[in-house]
Amino acid sequence: MLTLKKIQPIYFALDFENAETALSFLDKNDLSGIPVKVGMELYYREGPRIIEQLKSRGHDIFLDLKLHDIPETVRRSMRNLAKLDVDVINVHAQGGGDMIKAAKRGLEEGASDEVPVLLAVTMLTSTDQKMLEQDLLLKESLINVVHHYSKLAEINGADGVVCSVEEAAMIKQQTRLLALTPGIREKNGGRQDQKRVATPVEALEKGSDSIVVGRAIRDAEDPQATYTKMKEAFTYGQQTTHS
């Protein structure tokens, strides 16, 4: 009988151009075995090999490829990706209900015993109301679009969503989905290309189950200390909330 893998409280985004740089960074900064996110930049350069290397080192992996294609293509792709034994994977909710359902089916077909957690991306943290209306021609408010996509994800078998911290509270109140939130910074951290960002404490207060941190750790003077600080801020708050 298949069981569902578990989502981790914090993932470090391995936003590096190749495996050598990524693995060297982890080794140099004593970050062995921490949960990591592998995105397009690294996966498209290294392919399944980087997943195998990270799994052999004890890392839980969120494979962040945001699949968005016709349902049958996504099903077949997810079937293959599940065989890599990743822990969390995602699709774009904009692909529609049938595509989300097909993604879940593909993961179940490809998994040996544990099925990766399936997340649906509601809206990228680089999206704001102006972009929604002018570029995507969506006249609904951003929060209404995110709410619709999260319900679509829930109805069609996703286990959770990727959303901004601003929307996490609404999603936790109105669905049974997990909420993973990227765009996490320290209090005085910059936004870069992300328009909707937050601190670990703010993410916790809004109901996030898991956070992704990239540049705040990667570009810190002491990445290991920064990772530990942000993890403790988020996980200690979770323990306090649930005690």
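Residues numbered from 1 in each chain as written. Predicted model: local features only at pLDDT ≥ 70, side-chain atom pairs only at ≥ 80, totals over all residues. Heavy atoms only, no water.

1. Regarding the pattern of salt bridges
Per the stated rule, a full pass over the model turns up 19 salt bridges. One salt bridge connects R76 with E72, and the closest N-O pair in it is separated by 2.9 Å. Within this pair, R76 and its partner E72 are both found in helix α4 (residues 71-82), separated by four residues, close to a single helical turn. Classification of R76 by relative accessible area gives partly exposed; the value is 45%. (Salt bridge = Lys/Arg side-chain N within 4 Å of Asp/Glu carboxyl O. Helix = DSSP H or I, 4+ residues; strand = E, 2+ residues; numbered from the N terminus. Buried < 20%, exposed > 50% of the residue type's maximum accessible area, 1.4 Å probe, protein only.)

2. Side note on unusual backbone geometry
Its identity is not glycine, yet D30 carries a phi of approximately 55°, on the positive side. In this fold, D30 is placed in the loop between α1 (19-28) and β3 (36-39).

3. Overview of the pairing of β3
Along β3, one buried face is formed by V36 and V38 and the opposite face, lined by K37 and G39, is buried too. Note: strand β2 (residues 10-13) against β3, two bridges, orientation parallel. Pairing of A13 across the sheet is with K37, part of β3. The handedness of the β2 to β3 crossover, carried by α1, is right-handed. Sheet topology places β3 next to strand β4 (residues 61-67); four bridges connect them, and they run parallel. Its bridge partner being in β4, K37 is matched across the sheet by F62. (Pairing = 2+ DSSP bridges. Right-handed = clockwise from strand over helix to strand, strands pointing away.)

4. Observations concerning the packing of helix α7 (residues 142-155) against helix α8 (residues 165-174)
Running from N to C, α7 and α8 point in directions that differ by 40°, and their axes come no closer than 10 Å. Of the possible angle classes, the one that applies to α7 and α8 is oblique. Seen along the crossing, α7 lies across α8 with a hand that is right-handed. Taking contact as the criterion, the partners of L142, I143, V146, H147, S150, K151 and E154 in α7 are, on α8, E167, M170, I171 and Q174. Across the contact of α7 with α8, the residue classes tally to five nonpolar, three polar and three charged. (Axes fitted to C-alpha atoms, helices over the stretch in contact; angles between N-to-C directions. Parallel < 35°, antiparallel > 145°, perpendicular 65-115°, else oblique. Left-handed = near helix turned anticlockwise from the far one by under 90°. Contact = heavy atoms within 4.5 Å. Nonpolar A, V, L, I, M, F, W, Y, C, P; charged D, E, K, R; others polar.)

5. Quick look at the packing of aromatic side chains
The tally for this structure, following the rule as stated, stands at four aromatic pairs. Ring geometry for F12 against F16: centres 6.4 Å apart, planes inclined by 70°, an arrangement best described as edge-to-face. Judged by its relative accessible area of 0%, F12 is buried. Measuring from ring centre to ring centre gives 5.1 Å for F16 and F25, while their planes differ by 40°; the resulting arrangement is tilted. Like F16, the residue F25 is buried in the burial classification. Through successive ring pairs, a cluster of aromatic residues spans F12, F16 and F25. (Phe/Tyr/Trp six-rings, centres within 6.5 Å; stacked < 30°, edge-to-face > 60°.)

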